[in-house]
Amino acid sequence: MSAAETFGREAATTLPGTPWSKLPELLVPAFGETVVMVGVVMIIVFALGLPLGVIAHNTSPGGLFPRPRLHAALNAVISLGRSLPFLVLMAAIIPFTLLITGTTIGIPAAIVPMVVAGTPFFARLVENALREVPPAITDLARASGGSDLQVIAHAQIAEAWPAIIGSMTVNTIAMIEYSAIAGTIGAGGIGYVAVTYGYQRFDHTVMIATMLILIATVAVVQAVGDYCVRRARRR
Amino acid sequence: MITITNLSKNFSDGDRHSIVLDAINLSVERGEILAVVGPSGAGKSTLARCINLLGRPSSGSIVVDGVELTGLRAAELRVARRSIGTIFQASHMLSRRTAAENIALPLEYMGVVREERDARVLELLERVGLAQHAHRYPHQLSGGQRQRVGIARALALRPSVLLADEATSGLDPDNVESVIALLRELRQDLGLTILMITHDMQMVRKIADRVARLSHGRIIESGPLLDLLVDPESQLGNLLLPSPSGEDDSIDGGGQVWRVVYGSDHVAPTWLAAINRALGAEVHLLTASIETIRRHQVGHATISLPANLPEANIRRFLSEQGLQGYLVASPSKGGREKVGERIEV
Ligand SMILES: Nc1ncnc2c1ncn2[C@@H]1O[C@H](COP(=O)(O)OP(=O)(O)OP(=O)(O)O)[C@@H](O)[C@H]1O
Ligand SMILES: [Mg+2]
């Protein structure tokens, strides 16, 4: 155990817990930061992961433009991105994060590794969703005179849309989790509060409050996601 | 019009190669309905997919309305496909679009403006009898209704050629009738060239002008429908109009059994009585039927003649009468020997 941590824990026994009345002032901005962080990340992940998943699917043998080599390469990249634990990835790409954001702490520094981890995850989910669309659907759009882009938009993405929304839900929840992990590098948000107050200062009140907020947030995201999937299904 | 020359299609799966279509030659004239029949796995759907180039042929040429399709680039192919309507074997629809929106798909792709598109879709919905279901989603439609959406979609761009891959499979007899009527009407009104794949021999008898039988990737028999029906040696003719008794082996009696086929346009209705007079032999009529097919009467009969009557005499008599006959079974030395074979579709 490091000196700082030992100090933190001893100090925790002497410091009073944050009073309940002070919680909103601490947690509301933190929650706002989490929302911004996850929101920005998901926008970028969607914008990058959707085309990546579409290309990965259509370069495969049954796709619209089979390219076995490119497919294998994309597959390798996606698998690599998926195989590193987030904490390891975050540390490993610090030079890259520094290059892009000019800093290694705070919200911008957290967004980079979250995007790097989230994009291959989402691309894989999209690829799986597209694979579930019967080939006959692609055929009928092609036979109707659709271009590759039209076939992708109307037959593939449109048919897989409920599954893609489901993937967005899963991905968003994973990003909430990652944002809490990113809290350890001072990224801000609920995770940061949980680490600094709950862990380092042993503040049970804050710890419990952050847990409740995370549980509630995940539940709400899941419920909204499920509702959107049901609506998208048209049945 | 469709002209297919030397079309082959192989699938290679790792080191396993399979030849699914083997040097097919086939043509369908403008306004003609060609039925392609054959057992499951013969390559019928593969043939249809090659014609609209959903599957690239391994070799050979496909000319539709004077355009060689195999050499076209992607954009040119999309334009060429507008003149080919395709009805698929399974009645797939885009699940998040209504019937009307599904039918509109080819029109959207062609860039038809909204009002014109809506008008055309309405016309098509009426043509296939779905006007009151225009705004239903696929899961709210029956299989037959979905199939008719598929037909309407195939017709949306007023194609000159229609490929129908088992357009009536899974439909009840009423729906089959309405699809048959629709196809007939389309051929009549629009001069549509139709290549139709089916297992339904009754449907073939009702609308095909010509029939081709595909087996193991080859066309093994083809010809005009009526010619096949009155050719007793034609396996395809047999398939199209099986003898009414079903099983020839069940016929008893110890005599020689002949199958006789004729187009009654050329044959006197009294031919049966004439046998008696000409051959001086007793004839047993085992089965008989006369069907009107496309305004021509086609008669089928199975008759039993005394075993000792010389085959040559019988043949001579039959041909004098304009009848086509062949020996189905004769009592040979060892016992009853079956002549001819049974084939399945
Ligand atoms: N993509 C493919 N890869 C490998 N083999 C294929 C492929 N598509 C079809 N085949 C094979 O080609 C053969 C012909 O298939 P096809 O679908 O054309 O048959 P079909 O005559 O339409 O049969 P059915 O009457 O059952 O519809 C089958 O043996 C099938 O396994
Ligand atoms: Mg088939």
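What you see is a predicted model, and the numbers here were worked out from it, not measured in a lab.

> Describe the overall build of chain A, naming the residues involved and giving the relevant values.
Within chain A, the regular secondary structure consists of 10 helices and zero strands. Starting at the N terminus and walking to the C terminus, you meet the elements of chain A as α-α-α-α-α-α-α-α-α-α. Residues counted as buried form 46% of the 235 residues belonging to chain A. Long-range pairs, those at least 24 residues apart, make up 75% of the contacts in chain A with a sequence separation of at least 6. Of the roughly 11800 Å² of accessible surface on chain A, a fraction of 70% belongs to carbon and sulfur atoms.

> Before we move on, could you go through the UniProt feature "domain: ABC transporter" (unreviewed entry) in chain B and cite the residues and values that matter?
Residues annotated in UniProt with the feature "domain: ABC transporter" (unreviewed entry) correspond here to residues 2-241 of chain B. Secondary structure over residues 2-241 of chain B splits into 38% helix and 27% strand, and the C-alpha atoms at its two ends are 27 Å apart.

> Can you tell me about the packing of aromatic side chains, naming the residues and giving the values?
Within a pair of aromatic rings, the relevant descriptors are the distance that separates the centres and the angle that separates the planes. All names here are of chain A. Applying the stated criterion across every chain, the model contains four aromatic pairs over all chains. Judged by centre distance (6.4 Å) and plane angle (80°), the ring pair of F46 and W161 falls under edge-to-face. On the criterion of sequence distance, the pair formed by F46 in helix α2 (residues 23-58) and W161 in helix α8 (residues 148-182) is long-range, its members being 115 residues apart. When its relative accessible area of 25% is taken as the criterion, F46 is described as partly exposed. Looking at W161, the relative accessible area reads 27%, which means it is partly exposed. Considering the side-chain rings of F86 and Y178, the 4.3 Å spacing of their centres and the 10° angle between planes classify their relative orientation as stacked. On the criterion of sequence distance, the pair formed by F86 in helix α4 (residues 86-92) and Y178 in helix α8 is long-range, its members being 92 residues apart.

> So what's going on with the interface of chain B and chain A? Residues and values would help.
Each side of the interface is counted separately: chain B has 21 residues, and chain A has 23 residues. Summed over both partners, the interface of chain B with chain A buries about 2100 Å², with 56% contributed by carbon and sulfur atoms. Notably, a salt bridge pairs D139 of chain A with R49 of chain B, separated by 2.4 Å at the nearest N-O pair. Inspection of the region where chain B meets chain A yields seven residue pairs in polar contact (both at pLDDT 80 or more). Broken down by element, the side of chain B that touches chain A gets its largest block of residues, four residues, from helix α3 (residues 99-110) of chain B. Partitioning the side of chain B that touches chain A into residue classes produces 10 nonpolar, four polar and seven charged.

> Now, about the environment of L140 of chain A: what can you tell me, with residues and values included?
With respect to the secondary-structure elements, L140 of chain A resides in helix α7 (residues 135-143). L140 of chain A gets classed as buried once you look at its relative accessible area, which sits at 0%. Expressed as a C-alpha distance, the spacing of L140 of chain A and A155 of chain A, which sit 15 residues apart in the sequence, is 8.4 Å. Not counting the four nearest positions on each side in its chain, L140 of chain A is found in contact with F88, H92, M93, L105 and R153 of chain B.

> Mind laying out the sheet that holds strand β1 (residues 2-13) of chain B, listing which residues take part and the relevant values?
Read across the sheet, four strands follow the order β2-β1-β4-β5 (chain B) without closing on themselves; strand pairing throughout is antiparallel. The open sheet has two edge strands, β2 (16-28) and β5 (67-68) of chain B, and neither has a second partner.

> Can you tell me about unusual backbone geometry, naming the residues and giving the values?
All names here are of chain B. Positive phi is not limited to glycine here, since A23 has a value of about 50°. Considering the arrangement of structural elements, one finds A23 in strand β2. Taking the relative accessible area as the measure of exposure, A23 reaches 37% and is therefore partly exposed. We note that L53 has phi near 60°; this positive angle belongs to a residue other than glycine. For L53, the position within the fold is in the loop between α1 (44-51) and β4 (59-64).

Rules used throughout
- Residues numbered from 1 in each chain as written.
- Chains lettered and ligands numbered in written order.
- Predicted model: local features only at pLDDT ≥ 70, side-chain atom pairs only at ≥ 80, totals over all residues.
- Heavy atoms only, no water.
- Helix = DSSP H or I, 4+ residues; strand = E, 2+ residues; numbered from the N terminus.
- Buried < 20%, exposed > 50% of the residue type's maximum accessible area, 1.4 Å probe, protein only.
- Contact = heavy atoms within 4.5 Å.
- Areas by Shrake-Rupley, 256 points an atom, 1.4 Å probe, with all protein chains shown as cover.
- UniProt positions renumbered as here; feature names shortened; annotations may be inferred.
- Phe/Tyr/Trp six-rings, centres within 6.5 Å; stacked < 30°, edge-to-face > 60°.
- Buried area = accessible area lost by both parts, 1.4 Å probe.
- Salt bridge = Lys/Arg side-chain N within 4 Å of Asp/Glu carboxyl O.
- Polar contact = N/O pair within 3.5 Å; in protein donor to acceptor, adjacent residues only side chain to side chain.
- Nonpolar A, V, L, I, M, F, W, Y, C, P; charged D, E, K, R; others polar.
- Pairing = 2+ DSSP bridges.

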